[in-house]
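Coordinate analysis (summary)
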2 protein chains.
Amino acid sequence: MDYTEKTVERKEIFNGRVIHVVVDTVELPDGSLASREMAFHPGGVGVIAVTEDRKVYMVRQFRKPYEAEILEVPAGKLEPGEDPLECGIRELEEETGLRAEKMTYLGASYVSPGFCSETIHLYLATGLSEVGQHLDDGEFLDVLTYDLDELYQMALNNEIMDAKTLIAILKAKGILGEQSSFATTAL
Amino acid sequence: MDYTEKTVERKEIFNGRVIHVVVDTVELPDGSLASREMAFHPGGVGVIAVTEDRKVYMVRQFRKPYEAEILEVPAGKLEPGEDPLECGIRELEEETGLRAEKMTYLGASYVSPGFCSETIHLYLATGLSEVGQHLDDGEFLDVLTYDLDELYQMALNNEIMDAKTLIAILKAKGILGEQSSFATTAL
């Protein structure tokens with residue numbers, strides 16, 4: 001069955017630097033009307049950067065909606081027309097000072113499809129070299145390193161709160177496998 | 001270092017049924033001012049319901065911000081003051097007609113901490129029995145079942161787009177392990 005919700009009317013609410021908020025009146029499959037509050041967002045890119053000895057570069061920064069510092073993978077918003085891969089390379093270098101030989105695409109995800117259009121693209125960065133951090137004006141964050149297996153345990157123990165970071169850790173772990181997998185196989 | 005951003009001024013933009021939008025002027029750690037567009041959201045709960053033979057109940061519904069049908073775990077918004085566990089039990093039953101003997105908490109996640117306060121709580125529901133679906137008025141969705149290992153592969157292949165659903169699948173797989181793990185151990 002087709003569940004498409006046709007827009008009957010759109011009310012413009014706010015057109016900001018980051019989000020564009022509208023309220024649509026939509027026609028539901030049974031012909032009744034409903035209201036959809038939506039925030040359009042340019043989307044972003046997150047990068048999980050893993051060294052050969054499975055060290056992961058994370059950033060901790062203050063996030064105003066939660067009034068708290070949150071541990072996240074390096075990430076940033078897409079500029080208009082920007083390629084997600086270019087954005088990932090740029091944000092990784094700006095925030096951590098790292099350049100990667102290889103960027104493996106870990107897919108896109110919809111952060112909150114009920115009301116928001118934001119899509120986050122994720123990459124696994126490997127073959128890392130240091131080129132020097134250069135944060136944007138007004139950007140304040142700490143760079144911290146963790147062991148991938150430690151982060152995976154933190155994710156399972158509900159100690160990682162940011163959704164894109166959870167997905168990046170869980171996918172990277174799925175792709176890179178167990179640290180002890182060779183030893184286990186040899187037994 | 002303390003990176004707290006103090007609110008200097010708050011401008012109210014929109015107070016809807018779902019989101020509350022404001023723009024704060026904040027003072028950064030270096031004393032300069034910046035603007036923070038924020039959407040406050042009541043948060044929600046998602047439930048990954050897995051049968052004893054590793055069948056997972058999913059829903060497919062139209063999501064207006066993407067103008068597309070999206071495959072997700074059953075989920076819903078928190079009512080004011082509602083306990084996340086109660087919300088998860090309610091949404092699972094409404095959308096899929098299932099009741100669970102056991103609800104295991106899979107943690108909370110912040111969907112987009114840069115601009116949004118939405119927190120999603122996730123549960124793994126097991127010990128399932130059918131009691132009959134009863135959708136809200138104006139709610140249209142299809143219930144579909146998948147094998148957990150198939151969903152895990154879909155997640156790694158970037159075929160699952162919804163962030164909470166990705167986290168739920170990846171965590172459930174991490175917790176429930178390999179289908180063949182007993183056989184492998186026996187070898």
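Above this text is the structure in question.
None of these values were measured; they are calculated from a predicted model.

Quick notes on the sheet that holds strand β2 (residues 20–27) of chain B
Residues and elements named next belong to chain B. Strands sit in the order β1-β2-β3 across an open sheet of three strands; the sheet is antiparallel. Strand pairing shows two members of the sheet lacking a second neighbour, β1 (6–15) and β3 (33–40), which therefore form its edges. Adjacent strand axes in the sheet meet at a mean angle of 20° when their direction is disregarded. As paired strands, β1 and β2 are joined by eight bridges and run antiparallel to one another. Paired with T7 across the bridge in β2 is V26.

Things to note about the relation of the copies chain B and chain A
Of the transformation superimposing chain B on chain A, the axial component is 0.0 Å and the angular component is 180°, with the fit at an RMSD of 0.0 Å. Such a turn and shift between the copies fits a two-fold axis. Comparing interface residues between copies, 100% of those in chain B also sit at the interface in chain A, which points to an isologous, same-surface contact.

Structural notes on the pattern of salt bridges
By the definition in use, this model includes 26 salt bridges over all chains. Among the ionic pairs, R90(A) bridges to E82(A), the shortest N-O distance being 2.7 Å. Judged by relative accessible area, R90(A) falls into the partly exposed class, the value being 22%. Ionic pairing is found between E5(B) and R36(B), a salt bridge with its closest N-O pair at 2.9 Å.

Focus on the interface of chain B and chain A
Interface size, as often reported, equals the accessible area lost upon joining of the parts. Each partner contributes to the interface: chain B provides 70 residues, whereas chain A provides 70 residues. Between chain B and chain A, roughly 5900 Å² of surface is buried when both sides are summed, and carbon and sulfur atoms account for 65% of that area. For the pair chain B and chain A, the number of links is zero salt bridges. Taken together, the links from chain B to chain A amount to 32 residue pairs in polar contact (both at pLDDT 80 or more). Broken down by element, the residue count for the side of chain B that touches chain A peaks at seven residues, all from helix α3 (residues 163–176) of chain B. When the residues that make up the side of chain B that touches chain A are grouped by side-chain class, the tally is 37 nonpolar, 14 polar and 19 charged.

Here's the deal with the sheet that holds strand β2 (residues 20–27) of chain A
Residues and elements named next belong to chain A. Here we have three strands laid out as an open sheet, ordered β1-β2-β3, and antiparallel in their pairing. Pairing within the sheet leaves two strands with one partner each, and these edge strands are β1 (6–15) and β3 (33–40). Pairs of neighbouring strands in the sheet enclose a mean axial angle of 20°, with direction left out of account. By the bridge criterion, eight bridges tie β2 to β3 in an arrangement that is antiparallel. When the bridges of β3 are listed, H20 appears paired with F40.

Definitions and cut-offs
Residues numbered from 1 in each chain as written. Chains lettered and ligands numbered in written order. Predicted model: local features only at pLDDT ≥ 70, side-chain atom pairs only at ≥ 80, totals over all residues. Heavy atoms only, no water. Pairing = 2+ DSSP bridges. Helix = DSSP H or I, 4+ residues; strand = E, 2+ residues; numbered from the N terminus. Axes fitted to C-alpha atoms, helices over the stretch in contact; angles between N-to-C directions. Least-squares fit on C-alpha atoms with pLDDT ≥ 70 in both. Contact = heavy atoms within 4.5 Å. Salt bridge = Lys/Arg side-chain N within 4 Å of Asp/Glu carboxyl O. Buried < 20%, exposed > 50% of the residue type's maximum accessible area, 1.4 Å probe, protein only. Buried area = accessible area lost by both parts, 1.4 Å probe. Polar contact = N/O pair within 3.5 Å; in protein donor to acceptor, adjacent residues only side chain to side chain. Nonpolar A, V, L, I, M, F, W, Y, C, P; charged D, E, K, R; others polar.

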